[in-house]
Amino acid sequence: MKSPYEVIKRPIITEKSMSLLDENKYTFEVDKNANKPEIKAAIEEIFDGVKVKKVRTMNYEGKKVRTRHGIGKKADWKKAVVTLTEDSAEIEYFEGL
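All residue numbers here refer to positions counted from 1 along the written sequence of the relevant chain. Residues qualify for local features only when their pLDDT is at least 70, as the model is predicted, and side-chain atom pairs are given and counted only at 80 or more; totals for whole chains, interfaces and linings, by contrast, use all residues. Calculated side-chain values reflect all of the structure's heavy atoms, with hydrogen atoms and water omitted.

With an unreviewed UniProt entry as reference, the protein is termed Large ribosomal subunit protein uL23, source organism Anaerococcus nagyae. UniProt positions are given in the numbering used here, feature names are shortened, and annotations may be inferred rather than shown by experiment. According to the UniProt record, the Sequence similarities (unreviewed entry) comment for the protein reads "Belongs to the universal ribosomal protein uL23 family." Turning to the protein, the UniProt record has this under Function (unreviewed entry): "One of the early assembly proteins it binds 23S rRNA. One of the proteins that surrounds the polypeptide exit tunnel on the outside of the ribosome. Forms the main docking site for trigger factor binding to the ribosome."

**Student:** Just give me the short version of the pattern of salt bridges, but keep the residues and values in it.
**Tutor:** Salt bridge, as used here: a side-chain nitrogen of Lys or Arg that lies within 4 Å of a carboxyl oxygen of Asp or Glu. By the definition in use, this model includes five salt bridges. Where Lys2 meets Asp31, a salt bridge forms, and the shortest distance between an N and an O atom there is 2.7 Å. With Lys2 in the segment before helix 1 (4–7) and Asp31 in the loop between strand 2 (25–30) and helix 3 (36–46), this residue pair connects regions lying 29 residues apart in the sequence. Burial status follows relative accessibility: with a 1.4 Å probe on protein chains alone, a residue under 20% of its type maximum counts as buried, one over 50% as exposed, and anything between as partly exposed. Owing to a relative accessible area of 17%, Asp31 belongs among the buried residues under this scheme. Secondary structure elements follow DSSP: runs of H or I of four or more residues count as helices, runs of E of two or more count as strands, with numbering from the N terminus.

**Student:** Hey, could you go over the side chain of Lys79 for me, with residue numbers and the actual values?
**Tutor:** Along the chain, Lys79 turns up in strand 6 (residues 77–84). Neither His nor the chain ends is counted toward charge; the positive residues are Lys and Arg and the negative residues Asp and Glu. Buried within the structure, Lys79 lacks any salt-bridge partner; its nearest side chain of opposite charge belongs to Glu29, at an N-O separation of 10 Å.

**Student:** Can you explain unusual backbone geometry? Please cite residues and give values.
**Tutor:** For residues besides glycine, phi is generally negative; the peptide bonds are generally trans as well. Within the chain, Asn24 stands out as a residue other than glycine whose phi angle is a positive 60°. Tracing the sequence through the fold places Asn24 in the loop between helix 2 (15–19) and strand 2.

**Student:** Quick rundown of the pairing of strand 5 (residues 70–73)? Include the residues and the values.
**Tutor:** Looking down a regular strand, the side chains alternate between one sheet face and the other. Here the rule is simple: two strands pair whenever DSSP picks up at least two bridges between them. The pairing of strand 4 (residues 64–67) with strand 5 spans four bridges and is classified as antiparallel. Looking at the pairing, Val65 lines up with Gly72 of strand 5. Hairpin connection between strand 4 and strand 5: a loop of two residues separates the two successive antiparallel strands.

Listed below in structure tokens is the structure:
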């Protein structure tokens, strides 16, 4: 089994993801091969007192970029929006942003 820090790569901090915090929804970039139960277990293990209600995932295809050697491509990536339960603790990383 993968380490939870291999499953969850980084939080995504954008205007839209910050507006979702009011609804107890947090956004993360995750490993491309991670499934929903792995993401749920990783979030609950990394952050103490957090209970995950739902996980939604989206796959993104890397954009094409021009280089001096021709056309290249950025890496594909996966985003997860994690909804917490009502009685769950908040994720401390997002506080104060």
